[in-house]
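Chain by chain, the residues:
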Amino acid sequence: MSNTTTGYTGTAKALHWTIVALLIVQFIAAWTMPDIKRDTKPDTLINLHISVGVLILFVAVLRLTWRAGHPEPPPEDGLPPRQVQSARAVHWLLYALLFVLPVLGWLNASWRGFPVIMFGLELPKLLATRAPGGGWTGDVHALLATYGLLTLVGLHVAAALYHYFIRRDGVLQRMLPGR
Ligand code: HEM
Ligand code: HEM
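The rules behind each value
Residues numbered from 1 in each chain as written. Chains lettered and ligands numbered in written order. Predicted model: local features only at pLDDT ≥ 70, side-chain atom pairs only at ≥ 80, totals over all residues. Heavy atoms only, no water. Helix = DSSP H or I, 4+ residues; strand = E, 2+ residues; numbered from the N terminus. Buried < 20%, exposed > 50% of the residue type's maximum accessible area, 1.4 Å probe, protein only. Contact = heavy atoms within 4.5 Å. Areas by Shrake-Rupley, 256 points an atom, 1.4 Å probe, with all protein chains shown as cover. Lys, Arg positive; Asp, Glu negative; His and termini not counted. Charge placed at Lys NZ, Arg CZ, Asp CG, Glu CD. Salt bridge = Lys/Arg side-chain N within 4 Å of Asp/Glu carboxyl O. Axes fitted to C-alpha atoms, helices over the stretch in contact; angles between N-to-C directions. Parallel < 35°, antiparallel > 145°, perpendicular 65-115°, else oblique. Left-handed = near helix turned anticlockwise from the far one by under 90°. Near = heavy atom within 4 Å. Polar contact = N/O pair within 3.5 Å; in protein donor to acceptor, adjacent residues only side chain to side chain. Donors = N, O, S within 2.8 Å, 3.2 Å for Na, K, Ca; no water. Tetrahedral: all angles 85-135°; square planar, octahedral: opposite > 155°, others 65-115°. Phe/Tyr/Trp six-rings, centres within 6.5 Å; stacked < 30°, edge-to-face > 60°.

Caption draft 1: Summary view of the overall build of the protein chain. From N to C terminus, the protein chain includes 4 helices and 2 strands. Along the protein chain, helices (α) and strands (β) appear in the sequence α-α-α-β-β-α when read from the amino end. Viewed in the frame of its principal axes, the protein chain has a C-alpha envelope of about 55 × 30 × 25 Å. Counting over 179 residues, the protein chain shows a buried share of 39%. When contacts within the protein chain are restricted to residue pairs at least 6 apart in sequence, those whose partners lie at least 24 apart make up 72%. Carbon and sulfur atoms make up 69% of the accessible area of the protein chain, which amounts to about 10,600 Å² in all. Across the protein chain, the mean location of the 15 positive side-chain charges is 3 Å away from that of the 9 negative side-chain charges.

Okay, here's the thing in structure tokens:
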């Protein structure tokens with residue numbers, strides 16, 4: 001089934017809200033896991049962060065593949081073209097981060113010698129442990145997640161609330177379950 005003129009399909013909504021739920025778990029794990037230093041050994045929370053992160057990558061790839069065959073529904077009537085273009089730009093930046101962030105995390109986990117295990121299944125290393133020049137991946141991963149992703153999500157959620165409470169159009173409803 002395709003997205004319609006009035007909203008996203010059940011699949012698009014399910015994938016959207018699954019990623020939102022996984023990101024909430026991911027940030028709680030990131031902010032409660034121990035500070036990672038040179039000799040830190042992965043504990044339960046770090047392993048949870050790694051497993052959920054790889055799951056996010058998996059769902060993001062699934063989502064982008066599905067999206068390639070299902071264009072977004074046409075914009076709501078009467079929206080200024082600039083709003084439509086900026087929404088699109090934010091959506092594509094969000095998709096990009098959902099891919100880039102887990103890959104950077106995976107690179108850094110490999111560089112630190114942490115096994116990358118997704119719920120029991122050990123995945124290949126992307127970098128040799130302590131490979132020269134690989135240390136930046138952790139800093140960029142943490143900075144992009146904290147400042148890049150959270151800023152974009154903040155803009156995205158603010159826009160959804162603006163449509164719902166101020167413009168009072170149907171933009172938020174297009175992504176809500178059951179419509
Ligand atoms: C979209 C998915 C992800 C998000 C939003 C995310 C978010 C974060 C955040 C916010 C931090 C910083 C924590 C702090 O303040 O100390 C962090 C650190 C880290 N994450 Fe992720 N992460 C994701 C995916 C992954 C994946 C897939 C892996 C590994 C396979 C991973 C491994 C790590 C590691 C090793 C660190 C420590 C980096 C360092 O301090 O040098 N992350 N992550
Ligand atoms: C409470 C939080 C959120 C709300 C209320 C929300 C709301 C929405 C709404 C209403 C749309 C449809 C916009 C339209 O019709 O043009 C949408 C689309 C989208 N959202 Fe969210 N969202 C939230 C969180 C997130 C998060 C955390 C991400 C990813 C990190 C995300 C990524 C996207 C993407 C990529 C689209 C575009 C879908 C497509 O056309 O393929 N959203 N969101």
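Past the structure itself, the notes keep going.
Caption draft 2: Just the pattern of salt bridges, in detail. Tallied over the full model, the rule gives 2 salt bridges. Glu72 is the partner of Arg88 in a salt bridge, and the nearest nitrogen-oxygen pair spans 2.8 Å. With a gap of 16 residues between them, Arg88 in helix 3 (residues 81-112) and Glu72 in the loop between helix 2 (44-68) and helix 3 connect regions that are remote in the sequence. Residue Arg88 is classed as partly exposed on the basis of its relative accessible area, which comes to 33%. Under the relative-accessibility criterion, Glu72 is labelled partly exposed at 23%. Here Asp169 ties to Arg167 by a salt bridge, and the two come within 3.2 Å at their closest N and O atoms. Classification of Asp169 as buried rests on a relative accessible area of 15%.

Caption draft 3: Spotlight on the packing of helix 3 against helix 4 (residues 136-167). Direction vectors running N to C along helix 3 and helix 4 enclose 150 degrees, while the axes themselves pass 9 Å from each other. One element, helix 3, and the other, helix 4, form an angle in the roughly antiparallel class. Crossing angle aside, the handedness with which helix 3 passes helix 4 is left-handed.

Caption draft 4: Molecular detail of the site of ligand 2. Residues in close proximity to ligand 2 total 19 residues, the closest being His16, Arg67, Tyr95, His156 and Arg174. Tyr95 is positioned with one of its side-chain polar atoms (N or O) 2.5 Å from an oxygen atom of ligand 2. Contacts to ligand 2 include Arg174, whose side-chain N or O atom sits 2.5 Å from an oxygen atom. For the shell around ligand 2, the secondary-structure elements that each account for two or more residues are helix 1 (10-32), helix 2, helix 3 and helix 4.

Caption draft 5: Main features of the coordination of the iron atom of ligand 1. With distances of 2.0 Å, the protein atoms coordinating the iron atom of ligand 1 are His49 (NE2) and His141 (NE2). Around the iron atom of ligand 1, the 6 donor atoms sit at angles spanning 87 to 179 degrees, and that spread fits a shape best called octahedral. Within this pair, whereas His49 is found in helix 2, its partner His141 is found in helix 4, the two being separated by 92 residues in sequence. Of the two residues, His49 and His141, both sit in the buried class.

Caption draft 6: Inspection of the side chain of Ser51 at higher detail. Relative to the helices and strands, Ser51 resides in helix 2. Exposure remark for Ser51: the relative accessible area of 6% places this residue in the buried category.

Caption draft 7: A look at the packing of aromatic side chains. Under the defined criterion, the tally for this structure stands at 3 aromatic pairs. Here the aromatic rings of Trp92 and Tyr95 are separated by 5.0 Å at their centres, their planes lie at 50 degrees, and the arrangement is tilted. On the criterion of helical spacing, the pair formed by Trp92 and Tyr95 is a turn pair, its members being 3 residues apart in helix 3.

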